Amino acid sequence: MTELQSIASQVRRDILRMVHGCQSGHPGGSLGCTDLLVALYFQQMKINNRKGKGGYLSFNLDGKGEDLFFLSNGHISPVFYSVLARRGYFDVKELATFRKINTRLQGHPTTHEGLPGIRIASGSLGQGLSVAIGAALAKKLNGEKNIVYCLMGDGEQQEGQVWEAVQFAPNNNVDNLVAFVDVNGQQIDGSTNKVNNNRDLGAKYKAFGWRVVTVDGNNMDELTTLLRKIKRLVGKGQPIAVMMKTEMGQGVDFMMHSHKWHGVAPNDAQLEQALAQLPETLGDY
Amino acid sequence: MKKYTFTEKKDTRSGFGAGMQVLGQTNPNVVAMCADLVGSLKLDAFIKENPERFIQCGISEANMIGMAAGLTIGGKIPFATTFANFGSGRVYDQIRQSVAYSDKNVKIAVSHAGLTLGEDGATHQILEDLAMMRALPGMTVINPCDYNQTKAATIAVAEYEGPVYLRFGRPVIPVFTDADQKFEIGKAWMVNEGTDVSIFATGHLVWEAIQAGEMLEAEGINAEIINIHTIKPLDEKAILKSVKKTGCLVSAEEHQVAGGLGSAIAELLIQGTPYPQEFIAVKDSFGESGTPAQLMEKYGLTANDIVAAAKRAIARKK
């Protein structure tokens, strides 16, 4: 197991335990996108490594001089929170408060409770790409060379606002922007093909003027190779869209190949069965 | 009655444009955004002088609000502009999540609010925006009354840190406030001190209230007129002090009776001593096509209507 794979295994354990702990939340998409968030935060992104109070990473909301990540499909908050905590933004013990009263780890991410690492609220779908474009435009106005990353779901592509943003970015040369679409083919009511077929998403982004690449989002080697390549693709006049094929529930056999675990928490027995498939690598919180 | 005169009539949206021109010259972080209505929002001067700080969004208001939220993360002060209808109801969820709940320093600056948009009719005549915006935690809601006040308010909201909904309009109306005024967010402006009835007016209704005050004076009624340019946060102290003195009130706004300025005042007063209150507002109805003057008359938003409402309020005091 590589270092990134080892972190990903622990993050998947965190996700399952968080969702189990409050008996709510969205494990499926979180498990599917774990590899991407780990690769971004532990290798790809340039972030401020200065430590502040309590030995945690000091977090500046304005992100000057840093690469930025925006989670548009906010319901996969468990993976976001785990990765932020494991990266050092706050105590991993706080993961136990997920979705509980008075927590900073709200059901969907928010800046409102002051959790380090979060720059925008998300949850109501379709808004994150617009925010990421705005942040990318600000970087350009400020003369910063950093990259802005955004992750969306494939079901989310059914929101109209996504396509307002998709049309705007290439027309305005927002080429410091990388948008990932988590193509897991599932949404709450079933497969995306059945609920409201997105058809060929890559072709659509291409037609709007994006540079489109594809990747297996659950293959860490392929993912990190692509991310290295992306650093050379930015700044060339086009925004970059990554059609990232993932498996909802990746890493837990009985959660895969179905939309069933989009927003359902495992019971005690299911948790035990799931954790048995994921080595504890960094110590559970 | 204090005398108010004017030498010219101008639209409040031009006051916004003038304020933006000043901000373009004085505040390098100010960014103007527009959804295909540059001429209507009077942004030409800002764009000419600061082309790199103007973002043409096209007819994509939801994306504009989201991008505005993103721009604040890099320290920018975005003014997202369009018609009031498209900058409030159409994008309510975007404002709610990406701006208000996210505590973003976005200025939503919107023109053509209310009936006085005129001939375009009800599809464009938003009369519910104050209610929607007022309901959002942390949102500041401002509806200035003339060209000069709108210009001053535009400059003031750039200096204020936090989300703002700044609402203005299309018709030309008298310019009667000071050209060099300092705009204080949340501080009511005493237009005329009086003793018999308080008239709390916002936006285009302030000039109507002044005319109403003169008509009432001719009948021996001494009206106190206060301009509530900031609907949220409401200047509670000024309102309470006034009604305690006069014992009754009229609220006047170019908005639905539900949820606007009158509602805000009623919510305040009912928690203490309630006073007879009459509402000058649109009474649960959509607008329609017509000239601004015809519409204001048909929907009961003129000085004459305020006079009648003031008399009703006074009669209810006994």
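In this text, all values refer to a predicted model and were calculated from it rather than measured experimentally. (Residues numbered from 1 in each chain as written. Chains lettered and ligands numbered in written order. Predicted model: local features only at pLDDT ≥ 70, side-chain atom pairs only at ≥ 80, totals over all residues.)

## Regarding the overall build of chain B
Worth spelling out the cut-off: What counts as a helix is a DSSP run of H or I of at least four residues, what counts as a strand is a run of E of at least two, and both are numbered from the N terminus. Every radius of gyration here is taken over C-alpha atoms, with the globule rule written as 2.2 Å times N^0.38, N being the number of residues. As a rule, residues whose C-beta atom has 12 or fewer other C-beta atoms within 10 Å are exposed, those with 20 or more are buried, and those in between are partly exposed; C-beta atoms are placed from the backbone. Remark: residues whose backbone-derived C-beta atoms lie within 7 Å of one another are considered to be in contact.
Per the secondary structure count, chain B includes eleven helices and 14 strands. The C-alpha atoms of chain B give 19 Å as radius of gyration, which agrees with the globular expectation for 318 residues (20 Å, within 12%). Reported as C-alpha extents along the three principal axes, the dimensions of chain B are approximately 60 × 40 × 35 Å. Counting across all 318 residues of chain B, residues that qualify as buried make up 61%. Look at the contacts in chain B between residues 6 or more apart in sequence, and 82% of them connect residues 24 or more apart.

## Examining the domain arrangement of chain B
All names here are of chain B. Stated formally: Note that the domain bounds were set by an automatic or database domain assignment. Under this grouping Gly is polar, as are all residues other than the nonpolar Ala, Val, Leu, Ile, Met, Phe, Trp, Tyr, Cys and Pro and the charged Asp, Glu, Lys and Arg.
Along its sequence, chain B is organised into domain 1 (9-174) and domain 2 (189-315). Taking the mean C-alpha position of each, domain 1 and domain 2 sit 25 Å from one another. Taken together, the elements giving at least two residues each to the side of domain 1 that touches domain 2 come down to helix 5 (129-134), strand 6 (140-142), helix 6 (147-159) and strand 8 (172-174). When grouped by side-chain class, the residues that make up the side of domain 1 that touches domain 2 number 15 nonpolar, nine polar and three charged.

## Concerning the UniProt feature "domain: Transketolase-like pyrimidine-binding" (unreviewed entry) in chain B
Rules: UniProt positions are given in the numbering used here, feature names are shortened, and annotations may be inferred rather than shown by experiment.
When the UniProt feature table is mapped onto this chain numbering, "domain: Transketolase-like pyrimidine-binding" (unreviewed entry) sits at residues 10-175 of chain B. In residues 10-175 of chain B, helix accounts for 37% and strand for 19%; the two terminal C-alpha atoms are 6 Å from one another.

## Here we look at unusual backbone geometry
Here the amide bond leading from B:Lys232 into B:Pro233 is cis, since omega sits at 0 degrees, within 30 degrees of zero. Within the secondary structure, B:Pro233 is located in the loop between strand 12 (230-232) and helix 8 (236-246). A positive phi angle is found at A:Arg199, which is not glycine, with a value near 55 degrees. Its place among the elements puts A:Arg199 in the loop between helix 6 (192-196) and helix 7 (201-208). In this structure A:Arg199 comes out as exposed when scored by C-beta crowding, with 9 C-beta atoms within 10 Å. Its identity as a non-glycine residue notwithstanding, B:His112 has a phi of 60 degrees, on the positive side.

## With respect to the sheet that holds strand 2 (residues 30-34) of chain B
Residue and element names in this part refer to chain B. To keep things clear, this is the line we draw: One requirement defines pairing of two strands: DSSP has to find at least two bridges between them. For helices, the axis comes from a line fit to the C-alpha atoms of the stretch in contact; other axes are also lines fit to C-alpha atoms, and the angle between any two N-to-C directions lies between 0 and 180 degrees.
Sheet architecture is open: seven strands sit in the order 3-2-4-5-7-6-12, paired in mixed fashion. At either end of the open sheet lies a strand with only one pairing partner, and these are strand 3 (54-56) and strand 12. Neighbouring strand axes in the sheet, compared pairwise and without regard to direction, differ in orientation by 20 degrees on average. Note that strand 2 and strand 4 (residues 77-83) share five bridges and pair parallel. Bridge pairing links Val30 to Ile77 in strand 4.

## What to know about the interface of chain A and chain B
The figure often quoted for interface size is the accessible area lost as the parts come together. Listed by partner, the interface residues are 27 residues for chain A and 23 residues for chain B. Going through the elements one at a time, helix 4 (128-141) and helix 5 (160-171) of chain A are the ones with two or more residues in the side of chain A that touches chain B. Of the residues forming the side of chain A that touches chain B, the biggest block, ten residues, is contributed by helix 4 of chain A. Among the residues forming the side of chain A that touches chain B, the class breakdown is twelve nonpolar, eleven polar and four charged.

## Regarding the sheet that holds strand 7 (residues 240-245) of chain A
All names here are of chain A. Pairing within the open sheet is parallel, and its five strands lie in the order 1-2-3-7-6. Lying at the two open borders of the sheet, with one neighbouring strand each, are strand 1 (68-71) and strand 6 (211-216). The mean inter-strand angle of the sheet, taken between neighbouring strand axes irrespective of direction, is 20 degrees. Where strand 6 lies against strand 7, six bridges are found, and the strand directions are parallel. Paired with Val215 across the bridge in strand 7 is Met244.

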